[in-house]
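The primary structure of each chain is shown beneath.
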Amino acid sequence: MRKMLAAVSRVLSGASQKPASRVLVASRNFANDATFEIKKCDLHRLEEGPPVTTVLTREDGLKYYRMMQTVRRMELKADQLYKQKIIRGFCHLCDGQEACCVGLEAGINPTDHLITAYRAHGFTFTRGLSVREILAELTGRKGGCAKGKGGSMHMYAKNFYGGNGIVGAQVPLGAGIALACKYNGKDEVCLTLYGDGAANQGQIFEAYNMAALWKLPCIFICENNRYGMGTSVERAAASTDYYKRGDFIPGLRVDGMDILCVREATRFAAAYCRSGKGPILMELQTYRYHGHSMSDPGVSYRTREEIQEVRSKSDPIMLLKDRMVNSNLASVEELKVQSLVHGGLKEIDVEVRKEIEDAAQFATADPEPPLEELGYHIYSSDPPFEVRGANQWIKFKSVS
Amino acid sequence: MAAVSGLVRRPLREVSGLLKRRFHWTAPAALQVTVRDAINQGMDEELERDEKVFLLGEEVAQYDGAYKVSRGLWKKYGDKRIIDTPISEMGFAGIAVGAAMAGLRPICEFMTFNFSMQAIDQVINSAAKTYYMSGGLQPVPIVFRGPNGASAGVAAQHSQCFAAWYGHCPGLKVVSPWNSEDAKGLIKSAIRDNNPVVVLENELMYGVPFEFPPEAQSKDFLIPIGKAKIERQGTHITVVSHSRPVGHCLEAAAVLSKEGVECEVINMRTIRPMDMETIEASVMKTNHLVTVEGGWPQFGVGAEICARIMEGPAFNFLDAPAVRVTGADVPMPYAKILEDNSIPQVKDIIFAIKKTLNI
């Protein structure tokens, strides 16, 4: 029945993009939801962990798929723009790690808080900024989310505190945001992310200590993609059980390539924090396809075979798609990975591609910030004053 | 004590008219407040005024502050607002900055600014630069305070002056109070400011009492950040200083006054943004300049003042090169004779002034 319907819709969509085909698809009986088994998390100082099954609704599935696909395409577009020298400086891409940013967001509320390090474009999007504003910030234009002042590593949104360039520094910041959550008494939590490389920073242990001492609602999250720049975890850490490194802080080790696993673990961790028990630690095991940054081909310290293996067996988008199609939560046509040949049904991938193209167009065409604004935003809430330029005669006005 | 006697004096004054013939009243003593109490008052008033303000640092709560500056605050405000931290400068400074990003108004105390070096990345990269990097989206309303510079016999690792280091960075405001009025007005302004403010106090000044003018006793007494004060008017030479050395400059001025030399002593109050207008106007009047600071000479506050004087209108009014008086260019030694000669003394200031005036 499915195959016949698929064939019919293909014919119809080939002929014209008319309501008839949409009606045909709409009348297909998709399941409303499906139950999936997810990997059990390794636990540290916890009696119970997140559930091993979860229910995914069609609506959520489509939403997660779209979000992950958007992040993927956005990062690939950034790669392209960087190679064209339209983006310069640092550019750390997160393709491969989409299940982390989308899964974490799925497990919390928009009123919760999140802070991460420099591999931040995915989080910037999931926390609410548009691809347009993100790409325009990467290209250093005035339409960028930080007006071109910050670039790749310094993007901010409501309840999203960047984008931080100094490895590890964001972790005490996150504990501080959690302190504010507790101080304000509104049951909000702060997701404080860092990588496997940063996990060896001393200030993180200082943050663990204070968060546990003061029972701060902080979810420490180690996004372990196996390499800190070019150094594998085995060469950097005496203990690679990052979920245990919080010692007195309970921890879970999560399959970071499975968005449902990430979502359930996040829900579990957030509930733990909200109940006032103090901080908790999550290690997300994930993988980045690109090198550390655009200046790293990413193959001198790992093999192409390894990268290919992860792509073919554990790609987060593929995993979700397969689950959805196999459980009749969606159709391949609906999700479609290849570009549309004959016009017709709106498909998510096509829409996503268009969104990214439009955003890239904007990001390339938007003008750079005006030179007059070089001195702006030194201080907040202050009257305008003068800022010195390269010599004593060059002065810039500084406006808050 | 001063407060109690104030209560008693008013009714007595009213009665004094009747009793004039039989009693000899001296003018009522002005209110004397130590720098420590002034800072304490300032913080207390701001904690009361805005519940988002809180204090964290080592020993600030149950110990009443390593130097007793936060005495009584924990008892009054409790654990939520006055927080003792473990010995983790980088960690708790970062926590304070994060709390400020999330909308609270922390006062982060460093037991001395020497220890702030452990946390300096959080002060500069997380606090100072963030408003700019975010294109104006993310303010950081935080105060970093604590004793700065030389103390007495605490040797090299505990005696460094950080005015030049913090004063170097755009995005920060840096203030350096000298007396009690400065201390109270500046800490209150710093707390109300929506930007990261570094307040460089001085341990040797904490116990020194100063007269507190009536306006300083108000709960809304603020000293604007970025404005210097002329502590003493003069015509022959401009002497610019900040923090404890301001007192030495006034002593030097008193000595020189007897010799007919009138010094104009400027108390900078703020290191960044520096009030060059006041300094320039003064130099254009006196034609001579000496800067005095406790910190090291190379790349110091005085060096910056001299550079800016060269670039501005006041240069043409100088009758002699501008001169700096600074700490000696050595890590602070321990032995008293060595320590005394490693910071500017009154005699060094007088000597520099006389050299500049060629007398």
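Please read these numbers as outputs of a predicted model, since none were measured by experiment.

Quick notes on the rules
Residues numbered from 1 in each chain as written. Chains lettered and ligands numbered in written order. Predicted model: local features only at pLDDT ≥ 70, side-chain atom pairs only at ≥ 80, totals over all residues. Heavy atoms only, no water. Contact = heavy atoms within 4.5 Å. Buried area = accessible area lost by both parts, 1.4 Å probe. Salt bridge = Lys/Arg side-chain N within 4 Å of Asp/Glu carboxyl O. Polar contact = N/O pair within 3.5 Å; in protein donor to acceptor, adjacent residues only side chain to side chain. Helix = DSSP H or I, 4+ residues; strand = E, 2+ residues; numbered from the N terminus. Pairing = 2+ DSSP bridges. Phe/Tyr/Trp six-rings, centres within 6.5 Å; stacked < 30°, edge-to-face > 60°. Buried < 20%, exposed > 50% of the residue type's maximum accessible area, 1.4 Å probe, protein only. Axes fitted to C-alpha atoms, helices over the stretch in contact; angles between N-to-C directions. UniProt positions renumbered as here; feature names shortened; annotations may be inferred.

Undergrad: Describe in detail the interface of chain B and chain A, supporting the description with residues and values.
TA: Contacts between chain B and chain A engage 46 residues on the former and 36 residues on the latter. A per-residue breakdown of the area chain B buries against chain A is headed by I95, Y132 and M133 of chain B, which together make up 20% of the total. Linking chain B with chain A are two salt bridges, by the criterion used here. Two residues, K173 of chain B and D382 of chain A, come together in a salt bridge whose shortest N-O distance is 2.6 Å. Here chain B is connected to chain A by 19 residue pairs in polar contact (both at pLDDT 80 or more). Put simply, the parts of the chain that give the side of chain B that touches chain A at least two residues each are β2 (53-57), α3 (73-81), β3 (82-84), α4 (89-101), α5 (120-128) and α6 (130-133) of chain B.

Undergrad: Which residues make up the environment of P217 of chain A, and what values do they have?
TA: Inspection of the secondary structure puts P217 of chain A in the loop between α8 (202-213) and β6 (218-224). When sequence neighbours within four positions are dropped, the list of residues in contact with P217 of chain A reads A178, C181, K182, E188, V189, C190 and C273 of chain A.

Undergrad: Explain the pairing of strand β11 (residues 385-388) of chain A to me, using residue names and the numbers behind them.
TA: Residues and elements named next belong to chain A. The sheet contact formed by β11 and strand β12 (residues 395-398) spans four bridges and is antiparallel. Among the inter-strand pairings, F385 is bridged to a residue of β12, identified as S398. Remark: six residues form the turn of the hairpin made by β11 and β12, two consecutive strands paired antiparallel.

Undergrad: Describe the packing of aromatic side chains, naming the residues involved and giving the relevant values.
TA: Scanning the entire structure with this criterion turns up 13 aromatic pairs over all chains. Seen in terms of ring centroids, Y227 of chain A and Y301 of chain A are 5.3 Å apart; in terms of plane orientation they differ by 55°. Their pairing is tilted. A residue pair is termed long-range when its members are at least 10 positions apart, and Y227 of chain A in strand β7 (residues 227-228) and Y301 of chain A in the loop between β10 (280-285) and α11 (304-314) qualify at 74 residues. Residue Y227 of chain A shares its accessibility class with Y301 of chain A, and that shared class is buried. In this structure an aromatic cluster arises from ring pairing among F92, F110, F113, F144, F162, W165 and Y166 of chain B.

Undergrad: Lay out the sheet that holds strand β9 (residues 251-255) of chain A with the relevant residues and their values.
TA: Residues and elements named next belong to chain A. Strand order in the open sheet formed by six strands is β2-β9-β10-β6-β5-β4, with mixed pairing between adjacent strands. Where the open sheet ends on each side, the last strands, each with one partner, are β2 (42-44) and β4 (113-115). Ignoring strand direction, the axes of neighbouring strands in this sheet form an average angle of 20°. The pairing of β4 with strand β5 (residues 190-195) spans three bridges and is parallel. Pairing of L114 across the sheet is with L191, part of β5.

Undergrad: Please provide a residue-by-residue account of the UniProt feature "binding site: K(+)" in chain B, values included.
TA: Residues and elements named next belong to chain B. Residues given the UniProt feature "binding site: K(+)" here are I142, A190, I191, D193 and N195. The largest pairwise C-alpha distance within this set of annotated residues, which runs over 54 residues, is 9.0 Å, so the set is compact in three dimensions. By secondary structure assignment, the location of I142 is in the loop between α6 and β5 (143-147). Take I142: its relative accessible area is 0%, and that puts it in the buried class. Among residues more than four places away in sequence, those in contact with I142 are A96, V97, A100, P106, C108, A127, N195, P196 and V197. Looking at where D193 falls in the secondary structure, it is placed in the loop between α8 (180-192) and β7 (197-201). Exposure remark for D193: the relative accessible area of 10% places this residue in the buried category.

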